[in-house]
Each structure stands twice: as C-alpha cells, then as structure tokens.
Amino acid sequence: MIVRTPEQRAALVEGGRRLGVILEELAKMVAPGVSTETLDEMAERLIREGGDEPSFLGYTPEGFPRAYPASLCVSVNDEVVHGIPNERPRTLKAGDIVSLDLGLTHEGIVVDSALTVPVGKVDKTAYALMDATREALEAAIAAAQLGARVGDISHATERAFVGTGFSVVKALGGHGVGGGVHEEPYISNAGKPGTGPVLEAGMVLALEPIASEGKAAVVLGNDGYTYRTKDGSRAAHFEHTILVEEGGPLVVTRRPSEPQLFRKNEL
Ligand code: MG
Ligand code: MG
C-alpha cells in the first residue's frame, strides 16, 4: 500500500510496534522441548488480546492450493520459510535454529516480520548464518531510500552475503505489504542496482533476506507450504516492514530489544 494519510501512518506504526513486541515474546519462549504448535497458539492469543487479527490464518497466497492453517510460520533448520506449526507439530531441540514469521492486521493494515533464533546453544556456523542474514536485512533497509529502485534493495541484499560463505535464496523475496499480505512490488533477494520500480513516499514494503549455509536451491514440500533447502542445509530468515519516507526508511516492526538504529540523516 501507499500510506497517504496521518491516520494510516499512525495505524501502520502502531501495528508494527505490536508485532515487534509479540515476536519478541515468542522468541523468548523458544527453548528445547517447546512445541511449534504452542508457539502458534501463543502468537494467535497475543494478537487477539490486542484486538488485532492474525494476517496469515486463512490466507491463500496466489498460486497456493489451500488457505494457510496457522497464525505463525515456524521453520526449523532446513525448513526455509512457511513451516506449518500446527499440523504436524515438532518439538524444538537444543542446537536447532528456528525461524518465526508473523503477520498482524491492525485497523485493516497488515505488517509482516520474521527472525531466526537459536534453540539453546547452537554451533558457530549457525550463529554466523543468523548474523549474516540479519546484517543483510539492515543493508536492504539502508538501500530503501526514497527515489531509489527496487533493484537497489535486491542488490544490497545479495551483496551482503558476498564473502560469508552462505547462499542467498534467490527464489524467495520481499514484497509490498499493508493493504494485504502480499502486494506489488516483488522484491527479489538478488538483482541489479538502478533497475525496477522507483520507491515512492508512503510505500510500505516487507524486506526479507533468506539464506542457507549450503546451496541456494529450495524445494516445496507435500504440505504445499513448507520450503526446504534441497541439500538439507540450514536456513535463516529476517524480515521487517518498512515505510519509505523522506529522511530514510522507517522500520515499523523493530522489536523492543533490537539496538536502536537511526535514520541516515540522523547519523
Ligand atoms: Mg513474513
Ligand atoms: Mg513477507
């Protein structure tokens, strides 16, 4: 969507704040022995307690065979995105990494955010994969300046993984958001600078680098939703919803514990 009124902007910012708080709560619950279903139930409860709606529950993305059956996506280890938490619940084990992806609709406006967290202690490569993916998200955000192009975001994302030894998953990417779960433009996680649609004031975008520790190829599972890496290597996923504005992108889904990051013109 394009935010055109102060009321829309306020609702977007408040929805993003709420989503950040909830995702952080869910991330804190992640521990060995916790079921993916429990995380989903808590996500739905926390969203509804605030008077909002889970955006993913019952939503059918274009080209998908059925409605998504949960509020939260929980993707463990080689699951890349869209892991279903409540049909065949999994119990988290120490050493796993788990991606939580959540959408919340506040006053009709959809916000979308994700993060990957360790379950107990994990190995060094897993921490490095998570760090690299989180850093790629910050690079993508920094590229989302008013007047830049979608390809600038894609390029910044792709470039962030150069030299890390990890593979950016090019088959998946970000998207417009706000008026619905998935809107135009599609934002590839790899691309050429200076190409694609120009970023306009008020554009609401979900930026979401996804990377694997092995090869980039992904396969879609029999449940119609869960993407896994083809080579079985682990994947990480970080996502924020941003508002393109003069003075720099405003990240609306920052979590309370995330370091305070400043807009470019405030540095
Ligand atoms: Mg998401
Ligand atoms: Mg998204």
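Residues numbered from 1 in each chain as written. Chains lettered and ligands numbered in written order. Predicted model: local features only at pLDDT ≥ 70, side-chain atom pairs only at ≥ 80, totals over all residues. Heavy atoms only, no water.

J.: Explanation requested: helix α3 (residues 124-143) in the structure shown.
T.: In a regular helix each residue adds 1.5 Å, so 20 residues correspond to 28 Å; α3 covers 29 Å between its end C-alpha atoms and thus fits that length. Listed in full, the buried residues belonging to α3 are Ala-126, Leu-129, Met-130, Ala-132, Thr-133, Ala-136, Leu-137, Ala-140, Ile-141 and Ala-143. If you check the start of α3, you find a side-chain oxygen 3.1 Å away from the backbone N of Thr-125, and it comes from Asp-123. (Helix = DSSP H or I, 4+ residues; strand = E, 2+ residues; numbered from the N terminus. Expected span 1.5 Å × (residues − 1). Buried < 20%, exposed > 50% of the residue type's maximum accessible area, 1.4 Å probe, protein only. Polar contact = N/O pair within 3.5 Å; in protein donor to acceptor, adjacent residues only side chain to side chain.)

J.: Would you explain the pairing of strand β8 (residues 183-188) in this entry?
T.: Pairing of strand β7 (residues 173-176) with β8 involves 4 bridges; the strand directions are antiparallel. Paired with His-175 across the strands is Tyr-186, a residue of β8. Between β7 and β8, which follow one another and run antiparallel, lie 6 residues, and Gly-178 among them has a positive phi close to 120°. (Pairing = 2+ DSSP bridges.)

J.: What should I look at first to understand the sheet that holds strand β9 (residues 204-207) in this one?
T.: The strand order across the open sheet formed by 5 strands is β8-β7-β9-β14-β15, and the pairing between neighbours is antiparallel. This sheet does not close on itself; its edge strands, each paired only once, are β8 and β15 (250-251).

J.: Is there a simple way to explain the coordination of the magnesium ion (ligand 1) in this structure?
T.: Each donor-metal-donor angle would ideally measure 109.5 degrees in four-coordinate tetrahedral geometry, or 90 or 180 degrees in six-coordinate octahedral geometry. Coordination of the magnesium ion (ligand 1) by the protein is provided by Asp-101 (OD), Asp-101 (OD), Asp-112 (OD) and Glu-239 (OE), with metal-donor distances spanning 2.0 to 2.6 Å. Coordination of the magnesium ion (ligand 1) draws on donor residues from a single chain, spaced D-x10-D-x126-E in sequence. A separation of 3.1 Å is found between the magnesium ion (ligand 1) and the magnesium ion (ligand 2), which share Asp-112 as a coordinating residue. Residue Asp-112 is located in strand β5 (residues 109-118), and its partner Glu-239 is located in the loop between β13 (235-237) and β14 (240-243); the two are separated by 127 residues in the primary sequence. (Donors = N, O, S within 2.8 Å, 3.2 Å for Na, K, Ca; no water.)

J.: Explanation requested: the side chain of His-240 in the structure shown.
T.: Within the element layout of this structure, His-240 appears in strand β14. With relative accessibility at 1%, the residue His-240 sits in the buried group. Of the polar contacts made by the side chain of His-240, one reaches the side chain of Thr-253; its length is 2.7 Å. Looking at His-240, its side chain comes within polar contact range of the side chain of Glu-258, at 3.1 Å. The residues touching His-240, leaving out its near neighbours within four places in the chain, are Asp-112, Ser-113, Leu-137, Ile-141, Leu-205, Ala-206, Leu-207, Val-251, Thr-253, Arg-254, Arg-255 and Glu-258. (Contact = heavy atoms within 4.5 Å.)

J.: Help me out: how do you make sense of the side chain of Ser-167 in this one?
T.: Note on placement: Ser-167 falls in strand β6 (residues 167-168). When sequence neighbours within four positions are dropped, the list of residues in contact with Ser-167 reads Ile-210, Ala-211, Ser-212, Gly-214, Lys-215 and Ala-216.

J.: What am I meant to see in the packing of helix α1 (residues 6-29) against helix α2 (residues 36-49) here?
T.: A pair of packed helices is captured by two measures, namely the crossing angle of their axes and the spacing between those axes. The interhelical angle for the contact between α1 and α2, taken along N-to-C directions, is 155°, at an axis separation of 10 Å. When the interaxial angle is binned, α1 and α2 end up roughly antiparallel. As α1 runs across α2, the sense of the crossing is right-handed. Every residue of α2 that contacts α1 at Ile-22, Glu-25, Leu-26 and Met-29 is listed here: Thr-38, Leu-39, Met-42, Ala-43, Leu-46 and Ile-47. The class makeup of the residues in the contact of α1 with α2 is 8 nonpolar, 1 polar and 1 charged. (Axes fitted to C-alpha atoms, helices over the stretch in contact; angles between N-to-C directions. Parallel < 35°, antiparallel > 145°, perpendicular 65-115°, else oblique. Left-handed = near helix turned anticlockwise from the far one by under 90°. Nonpolar A, V, L, I, M, F, W, Y, C, P; charged D, E, K, R; others polar.)

J.: Can you help me understand the packing of aromatic side chains in this one?
T.: Aromatic rings in a pair are described by how distant their centres are and how their planes are angled relative to each other. A complete count under the given rule lists 2 aromatic pairs for this structure. Relative to Tyr-225, the ring of Tyr-68 lies with its centre 5.0 Å away and its plane at 75°, an arrangement referred to as edge-to-face. Of this pair, Tyr-68 sits in the loop between β1 (53-54) and β2 (72-76) while Tyr-225 sits in the loop between β11 (218-220) and β12 (227-229), placing them 157 residues apart in sequence. Here Tyr-68 and Tyr-225 have matching classes, each one buried. Among the aromatic residues, those joined into a cluster by ring pairs are Phe-64, Tyr-68 and Tyr-225. (Phe/Tyr/Trp six-rings, centres within 6.5 Å; stacked < 30°, edge-to-face > 60°.)

J.: Can you help me understand the coordination of the magnesium ion (ligand 2) in this one?
T.: Taken together, Asp-112 (OD), His-175 (NE2), Glu-208 (OE) and Glu-239 (OE) make up the full set of protein donors to the magnesium ion (ligand 2), lying 2.1 to 2.2 Å away. For the magnesium ion (ligand 2), all donor residues lie on one chain, and their spacing in sequence is D-x62-H-x32-E-x30-E.

J.: How should I be thinking about the confidence of the model for the protein in this particular structure?
T.: Do not read the fine detail of predicted coordinates wherever pLDDT is low. For the protein, the average pLDDT comes to 96, and 97% of its residues sit at 70 or higher. In this model, residues 262-267 is a region of pLDDT below 50 whose contacts with residues beyond four sequence positions or in other chains number 11 contacts. (pLDDT = per-residue confidence, 0-100.)

J.: Is there a simple way to explain α1 in this structure?
T.: Given 3.6 residues per turn, any residue in an α-helix points the same way as the ones three and four places further on. Under the 1.5 Å per step criterion, the end-to-end length of α1 is 35 Å for 24 residues, consistent within 8% with the ideal 34 Å. In this structure, the buried side of α1 is in contact with α2, β2, β4 (97-106), β5, β9 and β14.

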